[in-house]
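Inside the fold
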Amino acid sequence: MAMFAWIMMGIALWHFAIWIPDRFWGGIVGAFLGALFGAAIFGLLINGFTIPGQNDTHIFQAIEAAPGAIIGMVLVYFEGVRRGVPALDL
Amino acid sequence: MTDRRRNLIILSLVGALLVASLAVIIPGSPLSKQTRQGLDLKGGVSLVYQAKPTRFSKVTSDSLNRTMDIMRQRVDNLGVAEPEIQRSGSDQIDVSLPDVKNADQAQQQVGTTAQLLFYDWEKSVLGPDGKSHPLDPAVTGGQGAGQPGNGTQTYYEAVTRASKFKPTNEPDDTTNGLVYGVDDKAKTVLCGPQETVADTRAACQTEGKKPTRFVTVPRGYIIVRAEADDGDKAAQASASDAYYILKDDPALLGTDIKNPEQNTDSGAGGTGQPNVTFDFTSNGRKKWAAVTRVIAQRGSDQLLPGVDAQAVANHFAIVLDNKLISVPYIDPRQNPDGIDGSNGSEISGGFTIKSAQRLANLIKTGALPIKLELISQSQVSATLGQQALHQGLIAGIVGFAIVALFLLAFYRILGVIAVLALFVYAIYFFALIKLIPITMTLPGIAGLILTIGVAADANIVIFERVKEEIRAGRSVPAGIAQGYKKGIAAIIDANVVTFMVAFILFVLATAGVKGFAFTLGIGTLTSLFTAVLATQAVLHTMQRSRWITHPAALGAGERKRRWTQDFMGASKWFFSISGLILLIGALAIGGKGINFGIDFESGTRAKVAFVQQTPSERQVGDALRSAGFNNPEVQKVKGDKELGANGLQISLSETGKKATTVQQVLTSKFGQTRAYQADSIGPTFGKTVASSAIKAIIASLLVISLYIALRFEWKFAVPVLIALMHDLLITAGVYSLTGREVTTSTVAALLTILGYSLYDTIIVFDRIRENIPRMPRAAFTQIVNRSMSEVLTRSLATSFCTLLPILALLFFGGDTLKDFAFALLIGVISGAYSSVFIASPVLAHWKEREEVYRRRRVRIAEESGGVVPAYATAGHAVTVDLKGPQRPSRRITSPEDPERGVSKREFDDLVADIAHETAPASVASKVREKDRAPEPKPKPAPEPDPNADAAPEDLVLKDKGDKKPKRPRNKRHGRPR
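Residues numbered from 1 in each chain as written. Chains lettered and ligands numbered in written order. Predicted model: local features only at pLDDT ≥ 70, side-chain atom pairs only at ≥ 80, totals over all residues.

1. Points about the sheet that holds strand β7 (residues 188–194) of chain B
Residue and element names in this part refer to chain B. Applied cut-off: Strands pair, by our definition, only if DSSP identifies at least two bridges between them. Only DSSP runs of H or I with at least four residues qualify as helices, and only runs of E with at least two residues qualify as strands; both kinds are numbered from the N terminus onward. Note on geometry: axes are C-alpha line fits, over the in-contact stretch for helices, and angles between N-to-C directions span 0 to 180 degrees.
Ordered in space as β7-β6-β8, the three strands form an open sheet in which the pairing is antiparallel. Edge positions in the open sheet fall to β7 and β8 (213–217), since each of these has one partner strand only. Averaged over all pairs of adjacent strands, the angle between strand axes in this sheet comes to 30 degrees, irrespective of strand direction. Sheet topology places strand β6 (residues 178–183) next to β7; four bridges connect them, and they run antiparallel. Bridge pairing links glycine 181 to cysteine 191 in β7.

2. A closer look at the interface of chain A and chain B
As a reminder of what qualifies: Once C-beta atoms have been placed from the backbone, residue pairs whose C-beta atoms lie within 7 Å are recorded as contacts. Following the grouping adopted for this structure description, the nonpolar residues are Ala, Val, Leu, Ile, Met, Phe, Trp, Tyr, Cys and Pro, the charged ones are Asp, Glu, Lys and Arg, and the polar ones are all others, Gly among them.
At the interface, 25 residues of chain A touch 27 residues of chain B. Elements that contribute at least two residues to the side of chain A that touches chain B include exactly α1 (2–14), α2 (27–46) and α3 (59–82) of chain A. Counting residues per element, the side of chain A that touches chain B draws most heavily on α1(A), at seven residues. By residue class, the composition of the side of chain A that touches chain B is 18 nonpolar, six polar and one charged.

3. Overview of the pairing of strand β9 (residues 221–225) of chain B
All names here are of chain B. Definition in use: Here the C-beta atoms are placed from the backbone, and a residue counts as buried if at least 20 other C-beta atoms lie within 10 Å of its own, exposed if 12 or fewer do, and partly exposed otherwise.
Within β9, five of the five residues are buried, leaving the element largely enclosed by the surrounding structure. Both faces of β9 are covered, namely the face carrying Tyr221, Ile223 and Arg225 and the face carrying Ile222 and Val224. Sheet topology note: the β9/strand β10 (residues 243–247) ladder contains five bridges and is antiparallel. When the sheet's bridge partners are listed, valine 224 is paired in β10 with tyrosine 244.

4. With respect to the sheet that holds strand β19 (residues 603–610) of chain B
Residues and elements named next belong to chain B. Ordered by their spatial adjacency, eight strands build an open sheet running β2-β3-β1-β18-β22-β19-β21-β20, and the pairing between neighbours is antiparallel. Taken across any chain shown, the strands that pair with only one partner, and hence form the sheet edges, are β2 (84–88) and β20 (633–637). For this sheet, the mean angle separating the axes of adjacent strands, direction not counted, is 20 degrees. Against the sheet, helix α3 (residues 61–78) engages β1 (44–52), β2 and β3 (92–98), with an angle of about 160 degrees to β2. On the sheet, helix α4 (residues 103–111) packs against β1, β3 and β18 (371–380) and is oriented at approximately 35 degrees with respect to β1.

5. Brief notes about helix α14 (residues 442–471) of chain B
Residue and element names in this part refer to chain B. Convention followed: Helices are assigned an expected span. That span is 1.5 Å times one less than the residue count.
The end-to-end C-alpha separation of α14 is 43 Å, in line with the 44 Å expected for 30 residues at 1.5 Å each. Taking burial as the measure, the 30 residues of α14 include 29 buried ones, the bulk of the element. At the C-terminal side of α14, glycine 473 shows a positive phi close to 110 degrees.

6. Section: the pairing of strand β13 (residues 274–280) of chain B
All names here are of chain B. With five of its seven residues buried, β13 lies for the most part within the structure. Sheet analysis places strand β12 (residues 257–264) next to β13, joined by six bridges and oriented antiparallel. Following the sheet pairing, lysine 258 is matched in β13 by aspartate 279. Here β13 runs beside strand β17 (residues 345–347); their pairing, made up of three bridges, is antiparallel. Residue pairing for β17: threonine 277 is matched across the bridge by glutamate 346.

7. Comments concerning the packing of helix α22 (residues 683–711) of chain B against helix α23 (residues 714–738) of chain B
Each pair of packed helices can be summarised by the angle the axes make with each other and by the distance between the axes. All names here are of chain B. Let me state the cut-off plainly: Crossing handedness follows the turn of the near helix against the far one: under a right angle anticlockwise gives a left-handed crossing, and clockwise gives a right-handed one.
Following both chains from N to C, one finds α22 and α23 inclined at 145 degrees, their axes separated by 7 Å at the closest point. For the crossing formed where α22 meets α23, the hand is right-handed. Contacts between α22 and α23 involve Leu701, Ile704, Ser705, Ile708 and Ala709 on the former and, on the latter, Trp714, Phe716, Ala717, Val720, Leu721 and Leu724. Classifying every residue of the contact of α22 with α23 gives ten nonpolar, one polar and no charged.

8. Details of the nonpolar core
What counts here: Buried Ala, Val, Leu, Ile, Met, Phe, Trp, Tyr and Cys residues form a nonpolar core when they are connected through C-beta atoms within 7 Å.
Ranked by size, the top nonpolar core spans 304 residues in total, and within it A:Met8, A:Met9, B:Val159 and B:Leu422 carry the most contacts. With 22 residues, the top contributor of residues to this core is helix α13 (residues 382–435) of chain B. Among all residues touching A:Met8, those that are not within four sequence positions of it are B:Leu582, B:Gly585, B:Ala586, B:Ile589, B:Leu729 and B:Gly733.

Structure below.
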């Protein structure tokens with residue numbers, strides 16, 4: 001259940017990446033994957049590579065994924081900058 | 001073949017099928033067939049077993065088939081009409097027994113392993129030291145052999161003692177060792193025996209027991225319960241904790257006997273009691289003679305003059321599924337050489353007629369080759385079933401009526417044709433249900449009602465296209481031809497995806513959901529025939545009729561309003577709204593979790609209403625507690641049409657066999673039940689449901705991606721996947737926030753959303769695909785904006801039309817239908833939203849990064865003062881001949897249209913749209929401040945080169961429309977303007 005919350009948090013935060021000029025490596029889909037994997041991996045890291053079940057999941061576990069999602073998107077963004085991806089702002 | 005002839009053939013086919021369908025449907029006609037109703041509509045008992053291997057047999061396809069054959073024979077013995085026994089997955093068997101009222105009895109008769117074993121009693125029964133003591137009555141029980149009392153020990157003592165014995169390795173051992181769950185503090189055996197610790201743990205969980213440890217009785221030993229007369233409650237009670245340890249060295253097996261019959265002991269000196277007589281097979285007869293000789297001989301050895309033969313007689317034990325059925329003695333004086341088996345033998349000992357019949361039937365059908373564990377059981381009384389059917393029918397009629405009203409109001413004459421097509425669809429579908437036959441269940445009814453929306457959607461897509469063509473200046477016949485020609489691709493794509501998801505659901509889902517998937521799949525195919533082929537033939541036949549010659553009659557008068565919003569510009573806000581909803585959903589899932597029903601969590605849920613008494617929650621709880629149920633939760637049910645005013649809902653942690661006794665307990669305490677419904681789901685079944693749902697979701701996503709990638713291009717598949725995840729997550733978030741219970745129905749609905757929410761996405765993407773070559777100099781966002789403005793009405797109409805029957809389900813359906821409807825409601829709304837505001841913007845963002853569109857964007861910005869307008873403007877004008885490379889005509893649904901060239905008005909509209917700033921000034925000239933370039937004067941627009949940035953395959957024929965005289969290619973086009 002915690003994994004579900006992490007992924008949901010990651011995807012929720014990805015929606016706000018649309019406000020940033022798109023220099024993500026892989027574009028908006030790259031940002032999506034960055035948020036998704038960032039949230040999941042960060043959640044796993046914090047919980048010692050275990051996934052809390054339905055009864056062990058609490059509200060902070062959803063919040064825990066937020067830094068991971070942001071870090072994931074930032075990494076993808078700077079990889080885009082490093083590769084010289086031009087900004088796209090629709 | 002001429003179009004007229006083709007249409008006549010189609011209409012004749014439709015008519016013939018209609019007549020045939022009516023013949024199948026109308027009761028009393030020679031071809032009439034019965035509708036096969038599922039247990040949830042008809043009432044009955046449904047049992048789901050999971051097969052477990054034994055020492056002699058693994059769970060294979062062959063062993064499962066043999067097991068099902070034996071079960072069928074047992075069910076036949078029960079006298080059940082139209083039973084269904086089918087395999088589910090690799091190791092499960094579903095048994096549906098209509099009209100059966102006693103779940104406990106059905107379970108005992110159908111799923112019992114029925115392993116019959118015969119033992120030489122004195123030689124086999126073991127003392128605390130693990131050795132046999134044939135002469136010690138304290139071990140064998142003496143004259144009371146097999147009875148509770150002398151020689152018996154408690155279950156806990158027997159199991160823990162036997163666990164210390166050394167395992168044997170003899171070929172006739174019947175087990176590899178059995179595991180029990182025990183409570184050392186209470187000195188009781190809580191659960192088992194099972195073949196493995198894992199199975200025992202699962203069994204304990206099923207029964208709501210928490211053992212302190214698991215104990216293994218090694219191979220070579222079995223624990224058997226003392227004998228007790230079936231009709232004697234006191235004997236049953238005293239035998240409940242009286243056990244023997246036997247050396248597992250059976251003298252005969254159940255396969256060594258034949259022709260078992262229930263009989264009465266009516267011979268000389270007979271008791272008149274019911275018994276079971278049987279013959280031996282030739283091999284069995286030899287074994288029988290040999291073992292009885294040994295037993296008689298042991299008795300003879302102690303038979304001294306003046307000693308009562310019965311006092312020294314040794315015994316023979318008959319064991320059925322670890323219970324002593326009978327332990328008769330062999331009189332050494334009458335049978336000093338044992339008993340010849342040529343005349344057969346009998347089993348007697350406290351049978352009632354019913355229990356003797358049951359044993360005879362069990363022996364007759366033979367032991368099951370594998371062990372079966374009851375993992376799910378549900379029971380519905382006929383009354384509740386009929387009420388559920390009634391509610392489903394009302395929901396269906398209301399759903400149909402409101403969809404029909406919507407179509408009539410929105411499409412007028414076209415609507416009449418669509419409603420007729422819906423009628424035809426409904427009749428065909430009902431006939432198919434009877435003919436195939438499809439077992440109608442509540443989920444199946446939900447699928448049927450949903451397909452009414454799907455069938456209407458196909459009409460909406462085409463009719464909107466027809467209206468569009470007529471508004472663009474085509475004549476009514478040409479508009480109809482073009483509407484069908486252009487709309488068919490989107491409909492086929494959408495229906496194929498829905499069908500594929502239904503298929504995946506059918507293959508992977510559990511039994512209850514299969515009915516839903518099957519009706520959805522069949523309905524989708526049938527609706528393609530009625531909604532596309534049939535309506536097309538009707539419209540083509542009527543195209544010169546005065547009824548439809550005026551566009552207004554088709555709802556295609558002047559367009560009152562056109563969508564002109566900057567969808568791409570606004571997408572940031574819509575993304576943010578979605579992000580916020582998902583954020584709340586994520587927090588809700590973290591904080592509140594999801595309320596999984598017993599389908600996933602395991603347990604028993606029963607609904608009951610009594611004929612006379614109206615016991616309180618406390619009284620019912622006490623009755624259940626005294627019957628051995630742990631912490632029953634009982635609550636009054638308000639507003640349940642099925643149960644009435646005095647309905648009660650009971651939640652129990654126990655499942656399996658224990659759960660089948662709930663109705664008996666309640667009936668014995670509070671009298672007959674007026675309505676009773678119970679679902680009992682074991683933990684194994686819950687896991688199966690969850691894993692099959694996950695497999696179905698993954699398979700659906702893969703298939704959908706592949707299909708979209710093939711039909712469009714792979715970059716179109718990714719936004720589709722993102723939009724689908726969005727829909728599923730939003731639905732999950734809403735379930736978490738509302739605390740609504742997630743059941744198997746919810747999962748089925750979620751999986752349907754996967755297929756259905758694509759409907760809108762495909763409509764939008766289809767138009768984008770169509771507009772890409774038509775707008776070879778436009779930015780991708782402009783193409784998307786234009787496409788969305790063209791299809792938004794259609795998208796809203798299809799979603800609204802699907803919501804109508806869903807709302808009917810939600811308001812008029814019973815609990816199961818409401819479960820479906822709620823998830824579908826959220827999913828369809830979210831699907832429509834995500835198609836327009838998530839999938840399309842993601843696609844635009846991604847495509848804009850492609851070199852061709854990047855160059856276009858730069859050029860458009862240069863031409864338009866540093867800003868890319870929402871819609872194509874004069875600066876990047878180019879007109880395009882809409883005719884692409886001509887493919888050989890492969891007519892499936894559309895006749896050749898002599899007027900399919902571009903009408904003058906359409907041509908003018910295109911020129912106006914693309915080249916002359918058709919977008920409203922507010923949108924076209926709206927410049928976001930941060931986008932505005934600092935240059936004071938925009939440069940004069942350079943002469944555009946239409947071929948500068950278009951891919952070769954994009955364009956076939958271009959002309960510079962503003963330099964050529966414009967005239968219609970065919971004067972028959974359109975009406976005078």
